[in-house]
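Given next are the chains, with one letter for each unit.
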Amino acid sequence: ANMASFVAGAEANLFHNGSNKFNTLSNGVQITGQSFISEGTINLEKATVHHHRILANDTGNDLAFQQSSDTGANTNFTTYLRIKDGGDIHLPVDNQKLRIGAGEDLRLYHDGSSSYLTNTTGNLYIEAKAGETAIQIIPDGAVDLRYNGQKKIETLSNGAQVQGRFSCGDDTAPETTFQVITI
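### With respect to the overall build of the protein
- The number of helices and strands found in the protein is zero helices and 19 strands.
- Among the 183 residues that make up the protein, the fraction classed as buried is 13%.
- Of the contacts formed within the protein by residues at least 6 apart in sequence, a portion of 2% connects residues at least 24 apart.
- Carbon and sulfur atoms form 51% of the exposed surface of the protein, whose accessible area is close to 13700 Å².

### A closer look at the sheet that holds strand 5 (residues 41-44)
- Here five strands make up an open sheet; going across it, the order is 5-6-7-8-9 and the pairing antiparallel. Where the open sheet ends on each side, the last strands, each with one partner, are strand 5 and strand 9 (89-90).

### Here's the deal with the packing of aromatic side chains
- All chains considered together, the criterion is met by one aromatic pair.
- For the pair Tyr109 and Tyr116, a centre-to-centre distance of 4.9 Å together with 15° between the ring planes defines the contact as stacked.
- Between Arg53 and the ring centre of Phe77, over which it is positioned, the NZ or CZ distance is 3.8 Å.

### Here we look at unusual backbone geometry
- Here Asn95, not a glycine, exhibits a phi torsion of approximately 75°, which is positive.
- Position of Asn95 among the secondary structure elements: in the loop between strand 9 and strand 10 (97-100).
- Residue Asp140 is not a glycine yet carries a positive backbone phi of 55°.
- With respect to the helices and strands, Asp140 occurs in the loop between strand 14 (132-137) and strand 15 (143-147).

### Some points on the pairing of strand 6 (residues 52-56)
- Where strand 5 meets strand 6, four bridges bridge the pair, whose relative direction is antiparallel. Bridging from a neighbouring strand, Asn43 pairs with Arg53 of strand 6.
- Both strand 6 and strand 7 (residues 63-68) contribute to a ladder of five bridges, which runs antiparallel. Note on strand 7: the bridge partner recorded for Leu55 is Ala64.

### Quick word on the side chain of Asn23
- Mapped onto the elements of the fold, Asn23 is located in strand 3 (residues 19-25).
- Engagement of the side chain of Asn23 in a polar contact is seen with the side chain of Asn20, the distance being 2.8 Å.
- Those residues within four positions of Asn23 in sequence are excluded, and the remaining contacts are Ala12, Asn13, Gly28, Val29 and Gln30.

### Re the sheet that holds strand 16 (residues 150-156)
- The sheet built from five strands is open, its strands ordered 13-14-15-16-17 with antiparallel pairing. The sheet terminates laterally at strand 13 (124-129) and strand 17 (159-162), the two strands that pair on one side only. Taken over all neighbouring pairs, the strand axes of this sheet differ in orientation by 20° on average, direction set aside.
- Direction of pairing for strand 13 relative to strand 14: antiparallel, over a ladder of five bridges. Across the sheet, residue Glu127 finds its bridge partner in strand 14, namely Thr133.

### Points about the pattern of salt bridges
- Counted by the stated rule, this structure contains six salt bridges.
- Between Arg146 and Asp144 there is a salt bridge whose closest N-O contact spans 3.7 Å.
- For Asp144, the salt bridge is made with Lys151, and the minimal N-O distance between the two is 3.8 Å.
- On the accessibility criterion, Lys151 (33% relative accessible area) is partly exposed.
- One continuous salt-bridge network, built from bridges that share partners, spans Asp144, Arg146, Lys151 and Glu154.

Cut-offs used in this document
Residues numbered from 1 in each chain as written. Predicted model: local features only at pLDDT ≥ 70, side-chain atom pairs only at ≥ 80, totals over all residues. Heavy atoms only, no water. Helix = DSSP H or I, 4+ residues; strand = E, 2+ residues; numbered from the N terminus. Buried < 20%, exposed > 50% of the residue type's maximum accessible area, 1.4 Å probe, protein only. Contact = heavy atoms within 4.5 Å. Areas by Shrake-Rupley, 256 points an atom, 1.4 Å probe, with all protein chains shown as cover. Pairing = 2+ DSSP bridges. Phe/Tyr/Trp six-rings, centres within 6.5 Å; stacked < 30°, edge-to-face > 60°. Lys NZ or Arg CZ within 6 Å of the ring centre and 35° of its normal. Polar contact = N/O pair within 3.5 Å; in protein donor to acceptor, adjacent residues only side chain to side chain. Axes fitted to C-alpha atoms, helices over the stretch in contact; angles between N-to-C directions. Salt bridge = Lys/Arg side-chain N within 4 Å of Asp/Glu carboxyl O.

Just geometry here; none of it tells us what the structure is for.
Laid out in structure tokens, this is it:
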């Protein structure tokens, strides 16, 4: 059985137990079956552009996705995404946005000082538990706060509206109750 075959000016093939496992092609390579890289680096390069690489066991058992800041020497790599041991996803550089949806309609990021959640399509709902809206944000419109799924406070163009009782007070002062009167 062949262990390897070579065609001058063309392909090279490697075999295992008589099965072709590795073929060179005019546009790259073909691997049949599983491929393993043990604590290694996969370099993804394209001439005259930024280089990328994937590192296994970057820190502990993490998987890091990096990009080079230069276009030549394959140096000065920065980690932009890390999948941590246990599955947590880490975006380690400030101002990186986690973009969700086909149109990147939901974005989450931190700028080094503050954190942002941006919704660019439709309303934004924050649920206290599955199926129970706690906060509804309507672009250029109302913000609704809910208790047990029921709207209790709604912002309006001229103020706010409260459904039910509105109380003010603390542990040292008597509670004051306001009744909403609409004229």
